[in-house]
Amino acid sequence: MANSENSPQAHAVARRTRPASAPYARRRLLTIYAILALGVLAFPGGLVGWLDERNASGWFAAPLAFARGIDAVSGAIGVKEVGQGLRKRFSALIGEDEG
Amino acid sequence: MLFPTIEFGLFFAFSLALVWGLNSHNALKKVVLLALSLAFYASWNWRFLLLLLASGAISYVVGLYVDAGKPRPFRGAVLALGVALDLGILAYFKYLDFFIAQFLNLAHQFGLNPSIGFVNVTLPVAISFLTFHAISYIIDVSRGRLAPSRSPVDILLYISFFPHLVAGPIVRAHEFLPQLASPRNAADFSFGENMLLILGGLFKKMVIANYLAVRFVDPVFTDPSQFSRFDLIVAVYAYAIQIYADFSAYTDIAIGVAALLGYRFPQNFNQPYRALGIGDFWRRWHMTLSMWLRDYLYIPLGGNRHGAFATARNLMLTMLLGGLWHGANWTFLIWGALHGAALIGDHAWRRSKAFARYGEGPIARVLDWTLTFHFVCFAWLFFRSPSLDSASQYLSGIWIDNGAANTAPWIVAPLIALGAVTQFIPPASRAVVGAWVDNRNPTAQAAFGFALFYVIIVMAPAASAPFIYFQF
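Residues numbered from 1 in each chain as written. Chains lettered and ligands numbered in written order. Predicted model: local features only at pLDDT ≥ 70, side-chain atom pairs only at ≥ 80, totals over all residues.

Participant: What is the right way to read the overall build of chain B from this model?
Facilitator: What chain B contains, in helices and strands, is 20 helices and 0 strands. The C-alpha radius of gyration computed for chain B amounts to 23 Å, which stays within 12% of the reference 23 Å derived for 472 residues, consistent with globular compactness. Its C-alpha atoms give chain B principal-axis dimensions of roughly 65 × 60 × 55 Å. Within chain B, the proportion of its 472 residues that are buried is 42%. (Helix = DSSP H or I, 4+ residues; strand = E, 2+ residues; numbered from the N terminus. Rg over C-alpha atoms; globule rule 2.2 N^0.38 Å. Buried ≥ 20, exposed ≤ 12 C-beta atoms within 10 Å, placed from the backbone.)

Participant: Would you explain the nonpolar core in this entry?
Facilitator: Generally speaking, soluble globular proteins have nonpolar side chains that are buried together. All names here are of chain B. Core analysis: the biggest nonpolar cluster contains 123 residues, and Tyr 158, Leu 212, Val 217, Ala 235 and Ala 238 have the highest contact counts within it. Looking at which element gives the most residues to this core, the answer is helix H10 (residues 229-261), with 22 residues. Beyond its immediate stretch of four places on either side in the chain, Val 217 contacts Leu 212, Ala 235, Ala 238, Tyr 239 and Gln 242. (Core = buried A, V, L, I, M, F, W, Y, C linked by C-beta atoms within 7 Å. Contact = placed C-beta atoms within 7 Å.)

Participant: How should I be thinking about the confidence of the model for chain A in this particular structure?
Facilitator: Any residue range with low pLDDT should be treated as having predicted coordinates unsuitable for detailed reading. Residue and element names in this part refer to chain A. Per-residue confidence for chain A gives a mean pLDDT of 79; residues scoring 70 or more make up 74%. Confidence drops under a pLDDT of 50 for residues 1-6, and excluding neighbours within four residues, the segment shows 15 contacts in the predicted structure. This stretch, residues 8-19, has a pLDDT under 50; its non-local contacts, to residues over four places away or in other chains, come to 8 contacts. (pLDDT = per-residue confidence, 0-100.)

Participant: What exactly am I supposed to notice about helix H4 (residues 61-76) of chain A here?
Facilitator: Here H4(A) is 16 residues long and its end C-alpha atoms lie 22 Å apart, about the 22 Å a rise of 1.5 Å per residue gives. Immediately beyond the C-terminal end of H4(A), within one or two residues, lies A:Gly78, with a positive phi of roughly 85°. (Expected span 1.5 Å × (residues − 1).)

Participant: Whenever I open this one, the domain arrangement of chain B confuses me. Can you help?
Facilitator: Where interface size is quoted, it is often the accessible area lost as the parts come together. Residues and elements named next belong to chain B. Under the domain assignment, chain B is made up of domain 1 (6-183) and domain 2 (191-421). The gap between the C-alpha centroids of domain 1 and domain 2 is 26 Å. Residue-level contacts link 23 residues of domain 1 with 20 residues of domain 2. Elements supplying a minimum of two residues to the side of domain 1 that touches domain 2: helix H1 (6-21), helix H4 (75-109), helix H5 (127-142) and helix H7 (162-165). If you tally residues by element for the side of domain 1 that touches domain 2, the top one is H5, at 5 residues. Residue composition of the side of domain 1 that touches domain 2, grouped by class: 14 nonpolar, 6 polar and 3 charged. (Domains from an automatic or database assignment. Nonpolar A, V, L, I, M, F, W, Y, C, P; charged D, E, K, R; others polar.)

Participant: How do you make sense of the interface of chain B and chain A when you look at a structure like this?
Facilitator: Tallying the contact residues gives 36 residues for chain B and 36 residues for chain A. Per element, the largest residue contribution to the side of chain B that touches chain A is 10 residues, and it comes from helix H20 (residues 442-459) of chain B. The residue inventory of the side of chain B that touches chain A, partitioned by class, reads 24 nonpolar, 9 polar and 3 charged.

Participant: Explain the confidence of the model for chain B here, please?
Facilitator: On average, residues of chain B score 91 in pLDDT, and 99% of them are at 70 or above. Here helix H15 (residues 353-358) of chain B is the element of chain B with the lowest mean pLDDT, 85, and helix H11 (residues 278-282) of chain B is the one with the highest, 96.

Participant: What's the story with the packing of helix H9 (residues 191-222) of chain B against H20(B) in this structure? I'm lost.
Facilitator: Two packed helices can be described by the angle between their axes and the distance between those axes. Residues and elements named next belong to chain B. Interhelical geometry of H9 versus H20 gives an angle of 10° and a closest axis separation of 9 Å. Between H9 and H20, the angle falls in the class roughly parallel. Contacts between H9 and H20 involve Met 195, Leu 199, Leu 202, Phe 203, Met 206 and Val 207 on the former and, on the latter, Gly 449, Leu 452, Phe 453, Ile 456 and Met 459. Considered class by class, the residues forming the contact of H9 with H20 number 10 nonpolar, 1 polar and no charged. (Axes fitted to C-alpha atoms, helices over the stretch in contact; angles between N-to-C directions. Parallel < 35°, antiparallel > 145°, perpendicular 65-115°, else oblique.)

Shown next as structure tokens:
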């Protein structure tokens, strides 16, 4: 698909409508972090497992404890179960046993 | 550290804040980006950092000497030496054992038993991409398309910039280095469009490519003798969709990640399975490799400037080397030769009187698409097969039905259909949706991005196949 950002017209429009750089960049960063944070809240098991695997030396004890905290919150408000349930249902639908 | 992993998610989140935090200090920003890129590469094997540094050093020194603006003695020889050193590194790590094996096979046929051993060296990650970037820099400088950089940091960052380092796109030096001169404004890049690129890439890789690979394509190509004729035929088409979804996903994510960091990469795929003719296919598939081969190999060989025979020779040589670039295996050479032969035919057809008369009609276009698509799929059979024996076993399985039951899971059909849909989405749709996202407030943007991300995670399989182009 053509990357429409590359066209001279797109550059001209971007220059005319360009918001101030720093606040725009900050807003964009916050949006990206919000998406990633919501992803961790919805599916905390991945991050917990990843940190747990690498915590043999205890270096990741603090982030692991934090991730377990998110896991607990996610479980308490029911978000984790919804995600797990949907994954299981989709796996069953396509005939793959998640185990 | 590959894109759809928790490692990369954390790495990217860390890099993003750091890079934009330093945006008003360009020199420091580049040093930090270089350090991040070297750390990214070292996550596979830190020893290969030396290779990256050596490649950067060769490019830096040779670039300064072969500057087109300054006539110097032996400029051509120094350029040739620089290219030879880059190719020598690639040849040593990637092809030496292959050529030793061919030499030993040949010697045995003549009853000789030379005492040559294999080097058995580990293939460094990304060496093919790294080499092409290094060569692009010194040739661009020697042709005057780019002034030689006085900054070793810029050269190393160009070669090692982590979004393109492992599997492209191949960003030519004159496209990237000028971007390092001054920091970019975040608003120069559409957030919505690049978020869609990344999420679309994740969907193509984690859902389409992964399911096709794990559930069907990998088992069939591992032992074709166990599968029915129907399964073998379907697996070829499934692989065509898998490799497109896999590779275009990687480069879409790379382009999106680079843009979110403030750098623009060229487009790498343009709905290649809609191509009318093999020439058109190569203008749509791995476009940055096609352009690299055209600019740095096909045209220097003479291109189409010296008559029909020389053009055919140059096309074949370019495609043979393009095939070999993918790996030291006869299957890649045959894949390259098939495409070379098809390009020669395509070239001749498009210059014929018959084409001028009938080539643009609707029937000719349908025939053109049908032939092109099925030819490309047939050639993928060689590309995917681990060896020539395996490819011939596969072909004989298609020719002679072994009576095995059909085992293709039903999920293969909708996945192939989904892959086909990606070929027909209007090219402007991502820009339109991206602009719509850009005009929403940050909360709505985050909600929209998260909703798409959520769907992908729900659908993604537990097991993931590695990126296909990671091995090249």
